[in-house]
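If you want the building blocks of each chain, they are given just below.
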Amino acid sequence: MTGPDDVLLVHGGTPLEGEIRVRGAKNLVPKAMVAALLGHGPSRLRNVPDIRDVRVVRGLLQLHGVTVRPGDEPGELVLDPTYVESANVADIDAHAGSSRIPILLCGPLLHRLGHAFIPGLGGCDIGGRPIDFHFEVLRQFGATIEKREGGQYLEAPQRLRGCKIRLPYPSVGATEQVLLTAVLAEGVTELSNAAVEPEIEDLICVLQKMGAIIAMDTDRTIRITGVDKLGGYNHRALSDRLEAASWASAALATKGNIYVRGAQQRSMVAFLNTYRKVGGAFEIDDEGIRFWHPGGSLNAIALETDVAPGFQTDWQQPLVVALTQAAGLSIVHETVYESRLGFTSALNQMGAHIQLYRECLGGSACRFGQRNFLHSAVVSGPTKLQGSDMVVPDLRGGFSYLIAALAAEGTSRVHGIDLINRGYENFMQKLKDLGANVELPGGGTTA
């Protein structure tokens, strides 16, 4: 059951207009915090957002003896791993289900302590993201793994050793696991079919600042030459391109005009191309990007998600809301997560016309083709959306529901909004800054 502070009343029909700021990427900052465990000496991480995933990792690091304190400027953290120690299993277990980040502590803890305990993992329910491959990778480095009550216990009887690994799919999490483990392993690690998202490149920059030797080839191969010791880092995290795109889609769906301070063109090229094809307008300057609906009809498009440098799966859900207002039939082929289109049922209840299919409606390679998942959609528009009751299914789907409620006529009740705090910093205040008519039934806050 959700409490009154976990329900948001949204009175729709008002264009979002104004300015908001995005800070460091949710998909980089917690991983850079984990990387600090590898160093002998403090690290400084800047542009850190105040989101739940950051608080979870901060708690996990502190359980293991890492000192984490605010820095000199807003959004700065100083992480000192000088006195890394084993944590109480019950304390670690208290974080089980809160985040999937704990799996990435394995390599650093094996290097620092020789052992690690990882509790059961949570995260958004958007499709299979098996952790077995993480453990298989760690075994290849020389770790032993024993299943215990509440999680997995790992040991490194001797120094971990570099190895050759080929990913069956360019998984971001598996690539991060290899990077965080290989930098202090003995010898050379060669990772083929690696993920090359901007956040991966930024994590490599963090590790290089610490003293790591990492080379990226153009064929998705990353070579890491292990070193004996790493120091701290001083790094400003790249901005969150996924949050920026969410606000861009909100501007389009509500016929609004939003300046996203901190948005960066280089990491959003694929999104910006698609945004322009749909009929959205944008203007880029040195401080951010302005997104707006230029008037007239939006265009239906054919869209396929893909790993970087393609159209990111996290951009898909918010943009689908805008596509309900486009003239004609839009086709969306989700190739990364098999359950990511489930959120469309709530949009249909609001008046959208979205039909899901098990077939691959597109030519891009699909992670789960022929496996009977509803992973393609045909969106018929434009349709008028009406306010409705809805329950947030996952992070991006939840924000998409907010966009739909803001674009709809009438009032919506959005349940489970606390989940949105995982990846959207201070989103309630940002909504109000943009003129959204939203309220908490009990008058509380969502912090």
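The model shown is predicted, which means the values in this text are computed figures rather than measured ones. (Residues numbered from 1 in each chain as written. Predicted model: local features only at pLDDT ≥ 70, side-chain atom pairs only at ≥ 80, totals over all residues. Heavy atoms only, no water.)

Chemist: Can you explain the overall build of the protein? Please cite residues and give values.
Modeler: Helix and strand counts for the protein come out as 13 helices and 24 strands. Per-residue burial for the protein yields a buried fraction of 57% across its 447 residues. With the model as given, the accessible surface of the protein reaches about 17,500 Å², and the carbon-plus-sulfur share is 46%. Taking the 42 positively charged and 48 negatively charged side chains of the protein as two groups, their mean positions are separated by 2 Å. (Helix = DSSP H or I, 4+ residues; strand = E, 2+ residues; numbered from the N terminus. Buried < 20%, exposed > 50% of the residue type's maximum accessible area, 1.4 Å probe, protein only. Areas by Shrake-Rupley, 256 points an atom, 1.4 Å probe, with all protein chains shown as cover. Lys, Arg positive; Asp, Glu negative; His and termini not counted. Charge placed at Lys NZ, Arg CZ, Asp CG, Glu CD.)

Chemist: Residue-level account of the pattern of salt bridges, with values.
Modeler: Overall, the coordinates contain 18 salt bridges when judged by the stated rule. The shortest N-O distance in the salt bridge between Arg 139 and Glu 136 comes to 3.9 Å. Highlighted residues: Arg 139 and Glu 136, both in helix α5 (residues 132-141), separated by 3 residues, approximately one helical turn. Classification of Glu 136 as partly exposed rests on a relative accessible area of 35%. (Salt bridge = Lys/Arg side-chain N within 4 Å of Asp/Glu carboxyl O.)

Chemist: Which residues make up the pairing of strand β7 (residues 144-148), and what values do they have?
Modeler: Bridging between β7 and strand β8 (residues 151-155) involves 5 bridges; their strand directions are antiparallel. Across the sheet, the residue bridging to Thr 144 is Glu 155, located in β8. (Pairing = 2+ DSSP bridges.)

Chemist: Break down the sheet that holds strand β23 (residues 411-415) for me, citing the residues and quoting the values.
Modeler: In space, the 4 strands of this open sheet follow the order β22-β23-β1-β24, with mixed pairing throughout. Pairing within the sheet leaves two strands with one partner each, and these edge strands are β22 (389-391) and β24 (437-439). Neighbour-to-neighbour, the strand axes of the sheet open up by a mean angle of 20 degrees, direction not taken into account. Direction of pairing for β22 relative to β23: parallel, over a ladder of 3 bridges. Across the sheet, the residue bridging to Asp 389 is Arg 413, located in β23. Where helix α12 (residues 395-407) meets the sheet, it contacts β1 (7-11), β22, β23 and β24, and its direction lies at approximately 35 degrees from that of β1. (Axes fitted to C-alpha atoms, helices over the stretch in contact; angles between N-to-C directions. Contact = heavy atoms within 4.5 Å.)

Chemist: An account of the sheet that holds strand β12 (residues 222-225) is needed here, citing residue identities and associated values.
Modeler: Overall, mixed pairing links the 4 strands, which are arranged β9-β10-β12-β11 in an open sheet. Each edge of the sheet is formed by a strand with only one pairing partner; in this case those strands are β9 (164-166) and β11 (213-216). Mean inter-strand twist for the sheet, computed between neighbouring axes without regard to direction, equals 15 degrees. For β11 and β12, the ladder comprises 4 bridges, and the chain directions are antiparallel.

Chemist: Account for the packing of aromatic side chains, naming residues and giving values.
Modeler: Scanning all chains against the criterion turns up 8 aromatic pairs. Chaining the aromatic ring pairs together yields one cluster made of Phe 271, Tyr 275, Phe 291, Phe 311 and Trp 315. Looking at Arg 148, its charged tip hangs above the ring of Tyr 153, at a distance of 3.9 Å from the centre. The ring of Tyr 169 is capped by Arg 367, whose NZ or CZ atom sits 4.0 Å from the centre of that ring. (Phe/Tyr/Trp six-rings, centres within 6.5 Å; stacked < 30°, edge-to-face > 60°. Lys NZ or Arg CZ within 6 Å of the ring centre and 35° of its normal.)

Chemist: Please set out unusual backbone geometry residue by residue, giving values where relevant.
Modeler: Look at the link from Ala 308 to Pro 309: it is a cis peptide, with omega at 15 degrees. Position of Pro 309 relative to the elements: it lies in the loop between β18 (302-304) and α10 (313-323). With an omega dihedral of 0 degrees, the bond running from Gly 381 to Pro 382 counts as a cis peptide bond. Following the sequence through the fold, Pro 382 ends up in the loop between β21 (376-381) and β22. Its identity is not glycine, yet Asn 47 carries a phi of approximately 65 degrees, on the positive side. The backbone phi angle of Arg 220 is positive, close to 65 degrees, even though this residue is not glycine. Here Arg 220 shows up in the loop between β11 and β12.

Chemist: Explain the environment of Phe 291 to me, and be specific about the residues and the numbers.
Modeler: Position of Phe 291 among the secondary structure elements: in strand β16 (residues 288-292). Note: C-alpha distance between Phe 291 and Leu 154 (137 residues apart in sequence) is 47 Å.

Chemist: Any chance you could break down the packing of α10 against α12 for me, citing the residues and the numbers?
Modeler: Taken N-terminus to C-terminus, the directions of α10 and α12 make an angle of 15 degrees; their axes are 8 Å apart at the nearest point. By the criterion of interaxial angle, the relationship of α10 to α12 is roughly parallel. Considering only the axes of α10 and α12, their crossing is right-handed. Counting all contacts with α10, which are made through Asp 314, Gln 317, Pro 318 and Val 321, the residues of α12 involved are Arg 396, Gly 397, Ser 400, Ile 403 and Ala 404. (Parallel < 35°, antiparallel > 145°, perpendicular 65-115°, else oblique. Left-handed = near helix turned anticlockwise from the far one by under 90°.)

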